[in-house]
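Chain by chain, the residues:
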Amino acid sequence: MGKQSVTQHLLKAAAPYRAVAFDVFDTLIRRDCAQPCDLFALMEEKGLAAPGFAGRRAAAEKEARAMGKAGGKNEVTLAEIYARPVLAGADPQGECDAELRAAVPNLSVMEAARACHARGQLVYAVSDMYLPAPQIRAMLERCGCDFLDGIFVSCAYGTQKRSGGLFRVFLQETGLSPRQVLFVGDDARADFAGAALAGIRGYLLPPPERSGGAGKEPQPVSGAVDAFVRNRAGRFSEQQRYGFSLLGPLVTAFAVWLHGQRQAMPGARLVFLARDMYFVRQAYGVLYPEEQTEYLRVSRQSLLPALLQLPMEGETLELAADALPRQMLTRGEIQRYLGFELPPQPEDGTVFDLRIRPLPPEVQALLRELSALSKTPAGANVWKQGRLVHAYLEDRALDRGTVILVDIGSGGTTQRALERLTGAALQGRYLACDDRLSRHIPPRRAQAFLFDGAPADLWYWAGQPMLELFLSEPCGPTVGYGVENGVVCPVSKAGNNTEQPGMAELHRGMMAFPNEWKTSFLNGVPIPPRVACKRYLDLVRAPRLREAAAFGGLQVEDGGTWTLAQPRSRREYLCHPAALKRDFAESRWKTAFLKRLFCLPLPYDCLYAAMKKRKGR
C-alpha cells in the first residue's frame, strides 16, 4: 500500500470519531535502526558510548523490569534502568540524544494525524515506553508532530497498553468514552487487542515493505541501513527509489572508505577516473565538501595511442592487449578502435581473440605491426593522439606527490597504463577487482573495497556493465584529445546516458542517499562492503519482473553497444531459435533476460551459474 493510500484509508476510517490516538514508535515515528536495542550498538559504533555499553544497557533494563514486576509495576523508567549498578557512571542523556537524532517521521501516518487535527479532531499519542514524556514529545516535534492534544506514556503510569491499563488511564484523564476514540498502531497485541480490552476500536497499520537488504537476522549496522532506506522510500518516485536503495548505499560506503584511505596518506591527492567514478566523486563531495578532489578524463582507449609509441615487448605488449576490448575482433575493427585513418581494405576473415592469455602469437604480431604503423604517415592521427595524451597527462602532474587513483576496477589496466606513461607509482583504489590486479600491481598500491579485496564474485561481474552505466558521467567515453585555445582537452564519443529512460531520476535518487545519510544519526557509521553491495547484487542475481522491465531496455557500452535485457516474444523465438541464442549471448544482464522472456518464478540465477560453470568461467 502506497503512502497516499495509507493516509487516505486511515483518514476515512478515522472520520466518525471525535478523537484519534496514535501509537508513537513504528507508527507516528520510526527509528533508523532495525530493533530498539540496536541503537545502543550504533552508539558504540559512533563513539558515543564506551565499548560494551550495548550489552550492559540490555542487562540493566532486564534487571529493572524484573525488579518492577516484583514490586507490582508493569513498566520501568529510564532513570530506573540507569540506576542499575551495571550502568554505573553512564549518562542517560546520551541515549536520549541518540533517540532524538535517530527519529524520523512515518510520513503516511504523520500526514493523516495532521489532517485529523486540521479538521478539528482531537489527536493524542499513547506509547508503551521507558523514555519520559518530555523526551517523546521532543522526538515527535522534531519529526513535525507539534499539534498533539496530549501524550500518554506507560512509564509515567506504571501500566502498559497491552494490558488495557494505559488505555483506561487515557480515557479517564481525557474524559472521552471508548466509542469516541479510534486508536492507530502497528502491533496486533498491544495496539489492537490492548485497545479492545478498554473498549476502544483499533486500526492496525499494514506492515512496512521490506527492502531486502538486511536479511532475516540483521546485525545492528546492516539493519540500520535497511531501516534508513525503508524509512525514506515513500518520499521518492519508483525510479528514484531504485537509485536510493540499490545504488545509494554503495556509492556512500565506497566514498567513506576512500576518505579513510586518504586520511591514511596525509597530503595525498584523490583523483577519480572518468567516467565510471563520476557519481562516486559527487557522493564524496557531499560527504566531505571541504576536501578537494580531481577528475581525470582518460580511458583505456584514449591511452592506447600513446602506448603504441612504446616498444611492443614484454609487459608493454601485454598492457596494450589488456587495453583493447576483451572480445573477438577483426583487424579492421581493431584499427578503427585505435584511431587509424586508413582507406577501407578487404578483410581476410581473420578474427583475433583478445580474451586469451597468454597472448596468441598472431595477436602479438598484430600489435607489433600496428605499433610500427603508428610511426609512419599512415598512422599520423594515432601518433598525434599519442603526443596529446602525454601533454594532457603532463598537465595533470600525476608524477608529483602521492596520487590515489579511484576506479570501478577490474585488473588495474588504466593504472598500469598511466604508470607506464608517466613513470609515477600510483595508489589504485578500486570498487572491486579480478585476480589480474594482484598479478600486475603490488597489493600495497592496489586495493579494492568490495569482497574484502578478493576478486569479485560471479554476480558482480554479471552486473558490472549495468553498474558502470549507473555510476558513469552522463556523457560518452573519452576517445581522444584535441586542442582548444592552446589547451589540451578531452574528446568524448557522442552519446549521453541521461537520454535513456529514467536515468536522471535514478541518479537523483542515488545522490539523495549521501545527502540524507550526512544529516542522519547514522553519519559516521561505516557501511560494511557486504551490506553496501547486497541490494545491487540481489537485483542482478534475482530481479523481479518489475525491475527487469525497468532496466532491461537500457543500453550499455562494452566494446560495442548492447541492450541489457530485452528479449523478443516467445513466439518469434519458436520460429527463429537461432535468434534466441544470439540475443541471449548479446544480453548484458542474462538473468533479467530470462525473467522477461519466461515471466515465471524459476531459478534463473542457478541456470546462469550452471552455464558459466560449464563454460569454465
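Residues numbered from 1 in each chain as written. Predicted model: local features only at pLDDT ≥ 70, side-chain atom pairs only at ≥ 80, totals over all residues. Heavy atoms only, no water.

A. Molecular detail of the packing of helix α15 (residues 331–338) against helix α16 (residues 361–373). For the pair α15 and α16, the least separation of the axes is 12 Å and the interaxial angle reads 45°. Of the possible angle classes, the one that applies to α15 and α16 is oblique. For the pair α15 and α16, the crossing hand works out as right-handed. Contacts between α15 and α16 involve R331, I334, Q335 and L338 from the first element and L366, E369, L370 and L373 from the second. (Axes fitted to C-alpha atoms, helices over the stretch in contact; angles between N-to-C directions. Helix = DSSP H or I, 4+ residues; strand = E, 2+ residues; numbered from the N terminus. Parallel < 35°, antiparallel > 145°, perpendicular 65-115°, else oblique. Left-handed = near helix turned anticlockwise from the far one by under 90°. Contact = heavy atoms within 4.5 Å.)

B. Focus on helix α7 (residues 133–142). Of the residues making up α7, those classed as buried are Q135, I136, M139 and L140. Along the axis of α7, the buried positions cluster into a sector of 135°, meaning they face one direction only. Trailing α7 by a residue or two, G144 shows a phi angle of about 95°, which is positive. (Buried < 20%, exposed > 50% of the residue type's maximum accessible area, 1.4 Å probe, protein only. Arc of directions from axis to C-beta.)

C. Seen up close, the sheet that holds strand β14 (residues 446–448). The sheet built from 5 strands is open, its strands ordered β9-β8-β12-β13-β14 with parallel pairing. Two strands close off the open sheet at either side, each with one partner strand: β9 (294–296) and β14. The sheet shows a mean angle of 25° between the axes of neighbouring strands, taken without regard to direction. Examined bridge by bridge, strand β13 (residues 427–430) and β14 share 3 bridges and lie parallel to one another. In the sheet register, G428 faces β14, and the bridge partner there is A446. Against the sheet, helix α11 (residues 238–263) contacts β8 (269–273), β12 (403–407), β13 and β14, and its axis sits at roughly 160° relative to β13. (Pairing = 2+ DSSP bridges.)

D. Main features of the sheet that holds strand β1 (residues 19–22). Taken together, 5 strands build an open sheet; the order of strands is β5-β4-β1-β6-β7 and the sheet is parallel. Here the strands that pair on one side only, and so sit at the sheet edges, are β5 (150–153) and β7 (201–204). Within this sheet the neighbouring strands show an average axis-to-axis angle of 25°, counted without direction. As paired strands, β1 and strand β6 (residues 181–185) are joined by 4 bridges and run parallel to one another. Counted as the bridge partner of F22 is V184 from β6. Against the sheet, α7 contacts β4 (122–127) and β5, and its axis sits at roughly 130° relative to β5.

E. Examining the packing of aromatic side chains more closely. One pass over the full model with this rule turns up 26 aromatic pairs. Their ring planes at 50° and their centres at 4.9 Å tell us that Y284 and Y288 sit as a pair that is tilted. Members of the aromatic cluster, each reached through a chain of ring pairs, are F228, F236, F244, F513 and W517. Geometry around F584 places K590 over its ring, the cationic atom sitting 5.0 Å from the centre. (Phe/Tyr/Trp six-rings, centres within 6.5 Å; stacked < 30°, edge-to-face > 60°. Lys NZ or Arg CZ within 6 Å of the ring centre and 35° of its normal.)

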